[in-house]
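Structure assessment
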Amino acid sequence: MLIVFYIASIITVIASIKVISCLRVDKAVLYLIIALFASALIFILLDTYFSAVLYIILFIGGTVMLFLSVATILRIRVDNVENKKRGISPKIWLGPLVLAFILLVVLIYGVVSTDYSQIKEAHELMHEMSVYAYILMSELAGFLLLGAVVIAYHFMHRLLSEK
């Protein structure tokens, strides 16, 4: 589990630096979501489950709502994407999706490779950790699917516009 902690910490630092250095708001918000996912994983590994739940529900949910509000304010709509104006391009999803995929693989590896027989009170700890880890896995999978939907939309739009 120590390697999972270090990888999650590295992803948190990389995503946080990208949040600060990004010039586009939508790209910075995507990296912020990845930094919050990695921070929630660190809280799960440190056995502070209440903080992890706060990160998962409040901060990540709040960030998604912030992203939707910013998209509404900046009028990023389907007609802007179809008219090839300043829309959400699939290129901005590449970095966050790569980091989210690495985080998901590391999280699955951490849950699968843990030897629960050596831990005292293994049954309670395994149940408590696995519930929060599976919640985080499902949210990461949802984020990856959202990115895949955006990329598929742009791919299909370009494919149909060429015909």
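Residues numbered from 1 in each chain as written. Predicted model: local features only at pLDDT ≥ 70, side-chain atom pairs only at ≥ 80, totals over all residues. Heavy atoms only, no water.

Moving on to the overall build of the protein chain. Along the backbone of the protein chain there are 6 helices and 0 strands. Put simply, the protein chain runs from its N terminus to its C terminus through helices and strands in the order α-α-α-α-α-α. Taken across its 163 residues, the protein chain has 39% of its residues classed as buried. In the form shown here, the protein chain has an accessible surface area of approximately 9,900 Å², with 70% of it arising from carbon and sulfur atoms. (Helix = DSSP H or I, 4+ residues; strand = E, 2+ residues; numbered from the N terminus. Buried < 20%, exposed > 50% of the residue type's maximum accessible area, 1.4 Å probe, protein only. Areas by Shrake-Rupley, 256 points an atom, 1.4 Å probe, with all protein chains shown as cover.)

A few words now on the side chain of T12. Note on placement: T12 falls in helix α1 (residues 2-21). A polar contact is formed between the side chain of T12 and the backbone oxygen of A8, at a distance of 2.7 Å. Setting aside anything within four residues of it in sequence, one finds T12 in contact with A35, A38, S39 and I42. (Polar contact = N/O pair within 3.5 Å; in protein donor to acceptor, adjacent residues only side chain to side chain. Contact = heavy atoms within 4.5 Å.)

Time to look at a nonpolar patch on the surface. A surface patch of nonpolar side chains, amounting to about 520 Å² of accessible area, comprises F50, L54, I57, L58 and F59. Its place among the elements puts F59 in helix α3 (residues 49-73). (Patch = residues over 30% accessible without salt bridge, like charges linked within 9 Å, V, L, I, M, F, W, Y side chains within 5 Å. Salt bridge = Lys/Arg side-chain N within 4 Å of Asp/Glu carboxyl O.)

Let us look at the packing of α1 against helix α2 (residues 25-45). The relative placement of two packed helices is expressed as an angle between their axes plus a distance between the axes. Here α1 crosses α2 at 155°, and the two axes come no closer than 8 Å. In terms of axis orientation, α1 runs roughly antiparallel to α2. The hand of the α1/α2 crossing is left-handed. On the side of α1, the interface is formed by V4, F5, A8, S9, I11, T12, A15, S16, K18 and V19, while α2 contributes A28, Y31, L32, I34, A35, A38, S39, L41, I42 and L45. Of the residues assigned to the contact of α1 with α2, the class counts are 15 nonpolar, 4 polar and 1 charged. (Axes fitted to C-alpha atoms, helices over the stretch in contact; angles between N-to-C directions. Parallel < 35°, antiparallel > 145°, perpendicular 65-115°, else oblique. Left-handed = near helix turned anticlockwise from the far one by under 90°. Nonpolar A, V, L, I, M, F, W, Y, C, P; charged D, E, K, R; others polar.)

Interpretation of the predicted coordinates at a detailed level should be avoided for regions scoring low in pLDDT. Scored by pLDDT, the protein chain comes out at a mean of 76, with 76% of its residues at no less than 70. The least confident element of the protein chain, judged by mean pLDDT, is helix α4 (residues 78-82) at 52; the most confident is α1 at 91. (pLDDT = per-residue confidence, 0-100.)

Let us now look at the nonpolar core. In this structure, I34, F37, L41, L103, L136, L140 and F143 are the most contacted members of the largest nonpolar core, which totals 43 residues. Mapped onto this core, the elements with two or more residues apiece are α1, α2, α3, α5 (94-113) and α6 (122-162). Looking at this core element by element, the count peaks at 15 residues for α2. Setting aside its immediate chain neighbours within four residues, I34 contacts I11, A15, P96, L99, A100, L103 and F143. (Core = buried A, V, L, I, M, F, W, Y, C linked by side-chain atoms within 4.5 Å.)

Below, the discussion takes up unusual backbone geometry. A positive phi is found at D47, a non-glycine position, where the angle reads about 60°. The topology assignment puts D47 in the loop between α2 and α3. Of the residues examined, D47 reaches a relative accessible area of 46% and is grouped as partly exposed.

Taking 1.5 Å as the rise per residue, α5 with 20 residues should run 28 Å; its terminal C-alpha atoms sit 28 Å apart, in good agreement. Of all the residues in α5, the buried ones are P96, L97, L99, A100, L103, L104, V106, L107, G110 and V111. (Expected span 1.5 Å × (residues − 1).)

α5 packs onto α1 with a crossing angle of 165° between their chain directions and a minimal axis gap of 10 Å. As summarised for this structure, α1 and α5 are arranged roughly antiparallel, according to the angle between their axes. For the pair α1 and α5, the crossing hand works out as left-handed. Here I3, V4, I7, A8, I11, I14 and A15 of α1 come into contact with α5, specifically with L99, I102, L103, V106, Y109 and G110. Here the residues of the contact of α1 with α5 are counted per class, giving 12 nonpolar, 1 polar and no charged.

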